[in-house]
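# Working through the structure, step by step
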Amino acid sequence: MRITTVGCGYLGAVYAASMASIGHEVLGLDVDQRKIDGLNEGIAPFHEPGFEKVLAEALASGRLRFSTDYSDAADYTAHVICVGTPQQIDGAGADLTYVHAAVDSLLPHLSDTAVVLGRSTVPVGTAASLRERLRAGGSNAPLAWNPEFLREGFAVKDTLHPDRIVYGLPEDPAEAARAREVLDEMYAPMLEVETPLVIGNYATAELVKVSANSFLATKISFINAVAEVCEATGADVSVIAEAIGLDDRIGPKFLRAGIGFGGGCLPKDIRAFMARAGELGVTEALGFLREVDHVNNRRRDHVVNMARKALGGSFTGKRVAVLGAAFKPDSDDTRQSPALYIASKISGRGADVVVTDPAANERVHAERPNLAIAEDAYAAAKDADLVLLLTEWTQFKELDPVALKEVVGTAHMIDGRNVLDPQQWRDAGWTYQSLGRP
Ligand code: UDX
């Protein structure tokens, strides 16, 4: 199949290289010349384990190239929209500017056999309106929705070995048949190994994605809410998570209590879902998501308060080491990062904050110049009055409490991810606190 990806950000670049790696001819399109030049040279514009290897192999195979010239799309059949849908600057809903621009840029170049596929995360109703946009622009290309579910850090694996593939097909039977034919050919290697295929209409496919992310966010906020109750009672949230997770109706995943979820997806997707429910007149149906968002924000502020208390009631003149800035380990992404939120809040209140992150240091330096950066945990913790572990990188989980105690001013650790062994740290002479654990 000859495929274009429209948008070569995180989603599009990984998708383009992955689809080329399973034998398709792929053209990645983007308006950003620098990004395109870099990708053509095999340079990843973001940190993603395994991506540069797949990219290099796909480029070497001759089946993948990147371009800013949308007229090149004329020779391709399947056009996959992979652009971002950020939160609106002045609202909670999703900004569809890039999705509309993607369709408009493709329109003049769509051949008679072309099929347009949407992969971006969009508010329900978008696919139907994009179909109308294609028709109004003079194209009869069938449109289908085909949401992605990839996690940062596992993007290539999640693209090539998905838990499921979802098709949102058009109502018109001829259009649906043509879209299905193209999708089946694109995903033939995955379908052959019996990856579950789920088929619905446009609205169903759009809602599958936001429902999945909302459920994951709810699971995290649920366990974080339980952590709040644990803190009032002396119970241990990690033992509760283990016990309830053994019920296979609940399952053990996404029950790690801590400073909550961040990143480019979960926070924005639940807010966009609530905003869309409001437009549809079903605000109350998603009222619980407002609480999910509140619990999530409360945990960050709780850690700021814990830190203030640990420092004797004031941040002024105190030195605080922050271990981790990315929203999760194995990523350099700091979007909506709870770690960076806490570091900035504490710095804003007068503490001398030193941050270290194995992948995000440069990004933090560029985005938050008021925060000092250190090469590693030991440099960050030098003379610190308090150490906060906020992103659970392996190198932080494996820190030696005896060696770290040598460099700090005061041996006080707040473990925002509940990943250190309390006994081991206390035995080494630390005051150790975590979230929802006695
Ligand atoms: C998420 C979804 O997992 C993915 O399917 C979707 O396509 C995009 O959004 P991602 O944003 O890469 O992926 O991160 P994920 O691994 O889901 O973690 C999200 C956040 O939740 C992180 O900040 C993480 O630290 C936090 N988290 C996760 C918890 O606080 N506790 C948990 O138990 C799990």
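Now for a description of the structure that goes with this document. (Residues numbered from 1 in each chain as written. Predicted model: local features only at pLDDT ≥ 70, side-chain atom pairs only at ≥ 80, totals over all residues.)

### A closer look at the overall build of the chain
Tallying secondary structure elements over the chain gives 18 helices and 14 strands in all. Taken over C-alpha atoms, the radius of gyration comes to 24 Å for the chain, in line with the 22 Å a tight globule of 438 residues would show. In terms of its C-alpha atoms, the chain occupies a principal-axis envelope of roughly 70 × 45 × 45 Å. Looking at the 438 residues of the chain, the share that counts as buried comes to 47%. (Helix = DSSP H or I, 4+ residues; strand = E, 2+ residues; numbered from the N terminus. Rg over C-alpha atoms; globule rule 2.2 N^0.38 Å. Buried ≥ 20, exposed ≤ 12 C-beta atoms within 10 Å, placed from the backbone.)

### Topic: the environment of V99
Inspection of the secondary structure puts V99 in helix α4 (residues 97–106). For V99, a count of 25 C-beta atoms within 10 Å puts it in the buried group.

### Things to note about the site of the ligand
Lining the immediate environment of the ligand, one finds 19 residues, of which E152, R256, F261, G263 and C265 sit closest. Among the elements that line the shell around the ligand, the one with the most residues is helix α9 (residues 202–233), at 3 residues. Tallied by class, residues from the shell around the ligand come to 10 nonpolar, 5 polar and 4 charged. Formed jointly, the shell around the ligand draws a minimum of three residues from each of two domains, domain 1 (2–195) and domain 2 (210–296). (Near = placed C-beta within 6 Å. Nonpolar A, V, L, I, M, F, W, Y, C, P; charged D, E, K, R; others polar. Domains from an automatic or database assignment.)

### Looking at the packing of α9 against helix α12 (residues 287–310)
Across the interface, α9 lies against α12 with an axial gap of 9 Å and an inter-helix angle of 50 degrees. It follows that α9 is oblique to α12 by the angle criterion. As α9 packs across α12, the resulting crossing turns out to be left-handed. When α9 is examined against α12, the residues S214, A217, T218, S221, N224 and A225 are found in contact with a partner set consisting of L289, V292, V295, N296 and R299. The residue makeup of the contact of α9 with α12, split by class, is 5 nonpolar, 5 polar and 1 charged. (Axes fitted to C-alpha atoms, helices over the stretch in contact; angles between N-to-C directions. Parallel < 35°, antiparallel > 145°, perpendicular 65-115°, else oblique. Left-handed = near helix turned anticlockwise from the far one by under 90°. Contact = placed C-beta atoms within 7 Å.)

### Some remarks on unusual backbone geometry
What you tend to see is this: most non-glycine residues have negative phi, and most peptide bonds are trans. Of note in this structure, F254 is not a glycine but carries a positive phi near 60 degrees. F254 sits in the partly exposed class, given 16 other C-beta atoms within 10 Å. Notably, N418 is not glycine yet its phi reads approximately 55 degrees, a positive angle. As for its position among the elements, N418 is in the loop between β13 (412–415) and α18 (422–427). Accessibility expressed as a C-beta count within 10 Å gives 21 for N418, which makes it buried.

### Section: the packing of helix α11 (residues 266–279) against α12
The geometry of α11 relative to α12 is characterised by a closest axis approach of 10 Å and an angle of 150 degrees between their N-to-C directions. Relative to α12, the element α11 is oriented roughly antiparallel. You can see that α11 and α12 cross each other, and the crossing is left-handed. Residues I270, R271, F273 and M274 of α11 form the contact with α12, whose participating residues are L289, R290, V292 and D293. Within the contact of α11 with α12, the residues separate by chemical class into 5 nonpolar, no polar and 3 charged.

### Here we look at the sheet that holds strand β14 (residues 431–434)
With parallel pairing, 6 strands are arranged side by side in an open sheet as β11-β10-β9-β12-β13-β14. Strands at the two margins of the open sheet, each flanked by one partner only, are β11 (372–373) and β14. Taken strand by strand, α12 contacts β9 (319–323), β12 (386–389), β13 and β14, and its axis lies near 170 degrees from that of β13. Helix-sheet contacts for helix α13 (residues 338–348) involve β9, β10 (352–356) and β12, and the interaxial angle to β10 is about 160 degrees. (Pairing = 2+ DSSP bridges.)

### Examining the nonpolar core
Judged by nonpolar contacts, the single largest core of 85 residues is most densely connected at V14, A16, A17, I81 and V116. Ignoring sequence-local partners within four residues, the contact set of A17 consists of F51, V54, L55, A58 and L64. Formed by 46 residues, the second largest nonpolar core is a distinct cluster that contains V303, A325, V354 and A380. (Core = buried A, V, L, I, M, F, W, Y, C linked by C-beta atoms within 7 Å.)

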